[in-house]
Amino acid sequence: EMRLIHIIQNHAKRMNGIVENILQLSRREQSQPEVVPLHVFLPEFAMEFETSKVNHSLEFTSKFDGQQAWVLYDKSQLHQCLWKLLDNAADHASRDKATPKVSLRLRSEEDAGYCVVTVADNGPGINKEGLSKIFEPFYTTRKEGSGLGLYIARQLCEANQAELTVDSVAGEGAQFHIRMALAKGVQAEEEKEPEHQGYA
């Protein structure tokens, strides 16, 4: 009896996840980009993830190097996207002998005009076939997975002119990279504001 209830609950949870994912997809057209200071946003996000993590044996580290990086992004979509990537990483982080590890990093290449946020895990890694399909809708390696998480993560990046890529060596974990253009001259933008008053 209890086993059946448990199965039904799991299915309901999974269906709910799929419905939520699909709703997120249909909402992504209304992207509302704003200037986001990643050096403030990411540490706050990391703290939120740290406090909510279900698996307490998971070792979560974040590294931001005190670099400043402003990007133009829809804040809630960035939050959703990173959460999906970290969730996915936590799911795949080592279940074997080693401690499961997940990390969140920011690397800013100011001269080149972009920054990269990386989510890495120490899971089994992804084989060649997996790498070519991982962002396809409904592709999943987990029994209870909907195969929509990474697909939507990429859609959320594309809606914000960001690029989501993955690299992995089988047996050595995976790294997901969100590459975003740095918002140029945030101070300069603020000084330009008064010009708009002429349209009143």
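Residues numbered from 1 in each chain as written. Predicted model: local features only at pLDDT ≥ 70, side-chain atom pairs only at ≥ 80, totals over all residues. Heavy atoms only, no water.

Caption draft 1: Region of interest: the pairing of strand β3 (residues 70-73). Burial along β3 is one-sided: the residues Val71 and Tyr73 are buried and none of Trp70 and Leu72 is. Two strands pair when backbone bridges link them, and strand β1 (residues 34-37) and β3 are joined in this way by 4 bridges, in the antiparallel orientation. Bridge pairing in β3 links glutamate 34 to tyrosine 73. (Buried < 20%, exposed > 50% of the residue type's maximum accessible area, 1.4 Å probe, protein only. Helix = DSSP H or I, 4+ residues; strand = E, 2+ residues; numbered from the N terminus. Pairing = 2+ DSSP bridges.)

Caption draft 2: Fine view of the packing of helix α2 (residues 38-52) against helix α3 (residues 75-92). In contact at an axis separation of 11 Å, α2 and α3 are set at 45° when each is read in the N-to-C sense. As summarised for this structure, α2 and α3 are arranged oblique, according to the angle between their axes. As α2 packs across α3, the resulting crossing turns out to be right-handed. Taken together, the residues of α3 that come into contact with α2 (itself represented by Leu38, Phe41, Leu42, Phe45, Glu48, Phe49 and Ser52) are Lys75, Leu78, His79, Leu82, Trp83, Leu86 and Asp87. Here the contact of α2 with α3 is built from residues that sort into 9 nonpolar, 2 polar and 3 charged. (Axes fitted to C-alpha atoms, helices over the stretch in contact; angles between N-to-C directions. Parallel < 35°, antiparallel > 145°, perpendicular 65-115°, else oblique. Left-handed = near helix turned anticlockwise from the far one by under 90°. Contact = heavy atoms within 4.5 Å. Nonpolar A, V, L, I, M, F, W, Y, C, P; charged D, E, K, R; others polar.)

Caption draft 3: Looking closely at the sheet that holds strand β5 (residues 114-121). Strands sit in the order β2-β4-β5-β7-β6 across an open sheet of 5 strands; the sheet is mixed. Taken across any chain shown, the strands that pair with only one partner, and hence form the sheet edges, are β2 (59-63) and β6 (163-168). Sheet twist, expressed as the mean angle between neighbouring strand axes with direction ignored, is 15°. Packing against the sheet, α2 makes contact with β2, β4 (101-109), β5 and β7 (174-181), and its axis sits at approximately 175° to β4.

Caption draft 4: Geometry of the pairing of β4. Bridge count for β2 against β4 is 5 bridges, and the pairing is parallel. Note that in β4 the partner of serine 62 across the bridge is leucine 104. Of the pairings in the sheet, the one linking β4 to β5 comprises 8 bridges and is antiparallel in character. Bridge assignment links serine 103 to a residue of β5, and that residue is alanine 120. Linking β4 back to β5 in an antiparallel pair, the connection comprises 4 residues, with glycine 113 at a positive phi of about 80°.

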